[in-house]
Amino acid sequence: MPRITLPDGDTREFDHPVSCAEVAESISPALAKNAVGARINGELHDLNTTIEHDADLRLITARPGEKEPDPDALYLMRHSCAHVMAEAIQRLVPGVLLVYGPPLDNGFYYDMYVPNARPLSSEDFATIEEEMGRIIAEDKPFTRYEMPVDDGMKKLTDEGSKYKLDNAERAIEAGSGELSWYATGEPGSDWEDLCRGPHVPSTGRIGAWKVTSLASSYWHGDADSDRLTRVYGTAFTDRKQLKRYVRQLEEAKERDHRVLNRQLKLFHIDEAVGQGLVLWTPNGSYVRQELQTFMNEELRKQGYHQVFTPHIGKLSLYRTSGHFPYYQESQYPPLIQPQHLQHMAVEGSSCADLSNQMKDGEIDGYLLKPMNCPHHIKIYSSEQHSYRDLPIRLAEYGVVYRWEQSGEVGGMTRVRSFAQDDAHIFCTEDQVQQEVLSCLELVKILFDTLGMKEFRVRVGLRDPDSSKYVGEAASWDLAEQACREAARIFGVPFTEEAGEAAFYGPKIDIILKDVLGREWQTGTVQVDYNLRERFDLTYIGPDNQPHRPVMIHRTIFGSLERFVGILIEHFAGAFPTWLAPEQARVLPISEKSLDYGYEVKDRLFKEGVRATIDGSDERIQAKIKVATQMKIPYLLVVGPRDAEQRAVSVRARGIRHDLGAIGVDAFQEAVLREIASRGAETVLSEHFPDARSKAG
Ligand SMILES: [Zn+2]
Ligand SMILES: [Zn+2]
């Protein structure tokens, strides 16, 4: 008779096979009321699934008003909502055939064949949502029933939808011993869909729903096959959650760095240069340069040395490191020396010959570097080191090249070439923990300065059941313990994930949460027990014998392209003054104040403020509007009276009205202090204390 173990370790015994709903009821009526499904031994199931044997059980609940909905509950609700939407559309539009409707991370979609005579448009959304509302209000149960394969296939053949027949055939091919349906209500009389499940118990458990968008798709994703309509929607436990999500979607669209870039002109991607190859414009370069200068100061404090290395290296170098030929698909093809190419042309060799000869090392060539590590290793091993020299920390903003599929590239976040703020640390085993901790401290200094408060750390450890890892078990134990300890001392939330280590060592990933609550992986710290063997790295220990150093790869920004892309979205283009490409713009009221305007601009610029002037004939309101769209921190309006008083009338970003005049000297001094403090102080705090609270 089943003995049920609950997540808190509590157990319950039953003298009969028991449904998850019954278990919930036995714990508390409130739990039973809010339960929507269950994980039995880790697998997601319907709430009314019967448990016959001993099992671990986690009940999944959805409570209206809760802040953090359970992802499993949303998954069940969204899959169920896809059924409800499909039923609603079939009621409204005759001739619609259903193809496939899976849940997604933030909603669901349903691919359907829609007759040409009655295409769907966004104007149908309200009607569809209303019809869904009717089905949900009836609170119909999702009722599962099964059929043996033969009977099921006969049923589907009789019904005549080639799409559902195809789905069933695929399920059978994948090893399914029966076919299952979910009826919304009574099997036989109510709407139903061929489906594996699971679902929430009834339609009434779908708290809030929305049809979000339409797209066209093809059957099996094949452009030569049937053209389908993909209808997207989402569902949440309650209206409040849904509203928050819709607001987030709108804001994410407005903050999209590709959209903001049209005004801010931070980067340019040109087909003539190549997809995924980012050109940093002067504006974007200011941002990057400031970030690098800032980081360089911190690196100097931590005893790093900066190095420069070329963008290519010999294939034999990457054969030693293991990057070639193993990761060929994600690399640009090798560059072949001209004499080899000529020689092969004369011999009439094929591409396959060439490829094989490169793999075996019969001919050599060069690779655009996919990683900076081998170059740094060669700097390390160019001299002999004593234990007294360690740790040695080599840093470089090294550009690396990866061949991403063209469908995946776009903007600054998916690129084919990027600058990593890469560093490699060579140290002894007992230095690992301190070095890892120092890397984490750099992350904290960076995020604190940028005002990014929410981030977490993921410690990737070995999978205890796998044998793919290189290096001694004892070394691993030490390094895992060092990473764990560093994360603990560091004091931000962290998780340990078994199986997430690289094959060559444990690692720490930094995950940043932006203002919209989206998570981005930025920096990473990885311990490496592989390359030191491959490159035969040594240092001379106190015993006068050679020893292997531990190698640590680490990056704080990750890729600068990606990081700046994330920053643009995080700040919605309104960079803090120290990062802003244009820090102040002088706006003369009329031609009469032009000379004074230039004088102010030139002087600020000379003193180190990135100041510009709008010397056009436009009216002052128009000039303010243009500058506001550029999100410049300070606009300095100058008229005849300002000229007389050697003053500027300040408008600060985020504050609608003119703050009033201050002397040019005072403004210059305050803005320079703001820039030098990287935002810790502002012009507002001293000169316009009232304005500061409004600036937000
Ligand atoms: Zn389903
Ligand atoms: Zn590396």
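The structure presented is a predicted model; accordingly, all values stated were derived computationally and were not measured.

What counts and what doesn't
- Residues numbered from 1 in each chain as written.
- Chains lettered and ligands numbered in written order.
- Predicted model: local features only at pLDDT ≥ 70, side-chain atom pairs only at ≥ 80, totals over all residues.
- Heavy atoms only, no water.
- Helix = DSSP H or I, 4+ residues; strand = E, 2+ residues; numbered from the N terminus.
- Buried < 20%, exposed > 50% of the residue type's maximum accessible area, 1.4 Å probe, protein only.
- Areas by Shrake-Rupley, 256 points an atom, 1.4 Å probe, with all protein chains shown as cover.
- Lys, Arg positive; Asp, Glu negative; His and termini not counted.
- Charge placed at Lys NZ, Arg CZ, Asp CG, Glu CD.
- Donors = N, O, S within 2.8 Å, 3.2 Å for Na, K, Ca; no water.
- Pairing = 2+ DSSP bridges.
- Polar contact = N/O pair within 3.5 Å; in protein donor to acceptor, adjacent residues only side chain to side chain.
- Axes fitted to C-alpha atoms, helices over the stretch in contact; angles between N-to-C directions.
- Left-handed = near helix turned anticlockwise from the far one by under 90°.
- Contact = heavy atoms within 4.5 Å.
- Core = buried A, V, L, I, M, F, W, Y, C linked by side-chain atoms within 4.5 Å.
- Phe/Tyr/Trp six-rings, centres within 6.5 Å; stacked < 30°, edge-to-face > 60°.
- Lys NZ or Arg CZ within 6 Å of the ring centre and 35° of its normal.

So what exactly am I meant to see when it comes to the overall build of the protein here?
Helices and strands together make up the secondary structure of the protein, namely 23 helices and 34 strands. Within the protein, the fraction of its 696 residues that count as buried is 51%. If you sum the accessible surface of the protein, you get close to 33800 Å²; carbon and sulfur atoms cover 49% of it. Counting 81 positive and 106 negative side-chain charges, the protein places the centres of these two groups 6 Å from one another.

Is there a simple way to think about the coordination of the zinc ion (ligand 1) in this case?
Within the protein, the atoms that donate to the zinc ion (ligand 1) are H79 (NE2), H83 (NE2) and C195 (SG), at distances of 2.0 to 2.2 Å. Each donor residue of the zinc ion (ligand 1) lies on one chain, and together they are spaced H-x3-H-x111-C. With a gap of 112 residues between them, H83 in helix α3 (residues 71–92) and C195 in the loop between β12 (192–194) and β13 (208–218) connect regions that are remote in the sequence. Per residue, the accessibility class of H83 equals that of C195, and both read buried.

Explain the coordination of the zinc ion (ligand 2) to me, please; I cannot follow it from the model alone.
Working reference: metal with six octahedral donors, ideal angles 90 or 180 degrees; metal with four tetrahedral donors, ideal angle 109.5 degrees. Protein-derived ligands of the zinc ion (ligand 2) are C373 (SG), H424 (NE2) and H553 (ND1), with the metal-ligand distances lying across 2.0 to 2.4 Å. Counting along the primary sequence, the residues that act as donors to the zinc ion (ligand 2) give the motif C-x50-H-x128-H. Placement of H424 in strand β22 (residues 417–427) and of H553 in strand β29 (residues 550–559) is noted, with a sequence separation of 129 residues between them.

How do you make sense of the sheet that holds strand β19 (residues 335–336) when you look at a structure like this?
Each strand in a sheet pairs with its neighbour through backbone hydrogen bonds, running either in the same direction (parallel) or in the opposite one (antiparallel). The antiparallel open sheet is built from 3 strands, whose spatial order is β18-β20-β19. Edge strands, defined here as strands with exactly one partner in the open sheet, are β18 (312–314) and β19. Direction of pairing for β19 relative to strand β20 (residues 365–368): antiparallel, over a ladder of 2 bridges. Paired with L335 across the bridge in β20 is Y366.

In this structure, what is going on with the side chain of S649? I would like to understand it.
Here S649 shows up in strand β33 (residues 647–652). Separated by 3.1 Å, the side chains of S649 and D642 make a polar contact.

Can you help me understand the packing of helix α9 (residues 282–301) against helix α14 (residues 432–450) in this one?
Helix-helix packing is characterised by the crossing angle of the two axes and by the distance between the axes. Packing of α9 against α14 brings their axes to within 11 Å, and their N-to-C directions diverge by 145 degrees. In this structure, α9 crosses over α14, and the sense of that crossing is right-handed. Counted together, F294, M295, E298 and L299 of α9 and L442, I445, L446 and T449 of α14 form the full contact between these two elements.

Is there a simple way to think about the nonpolar core in this case?
Soluble globular proteins tend to pack their nonpolar side chains together in the buried interior. Core analysis: the biggest nonpolar cluster contains 98 residues, and Y634 and F667 have the highest contact counts within it. Considering every element that reaches this core, the biggest residue donor is α14, with 10 residues. By size, the runner-up hydrophobic cluster in this structure holds 37 residues, among which are V36, L76, A82 and V84.

Looking at this structure, how should I read the packing of aromatic side chains?
Aromatic ring pairs are described here by two measures, namely the spacing of the ring centres and the angle between the planes. A full pass over the atoms with the stated rule returns 17 aromatic pairs. Judged by centre distance (6.3 Å) and plane angle (80 degrees), the ring pair of Y332 and Y401 falls under edge-to-face. One end of the pair, Y332, is in the loop between α10 (315–321) and β19; the other, Y401, is in strand β21 (residues 392–401), with 69 residues separating them in the sequence. Just as Y332 is buried, Y401 falls in that class too. An aromatic cluster is present here, built from Y113, Y163 and W219 joined pairwise through their rings. The lysine or arginine in question, R239, covers the ring of W209, its NZ or CZ lying 5.7 Å from the ring centre. Against the face of W280 rests R288, its NZ or CZ located 5.0 Å from the ring centre.

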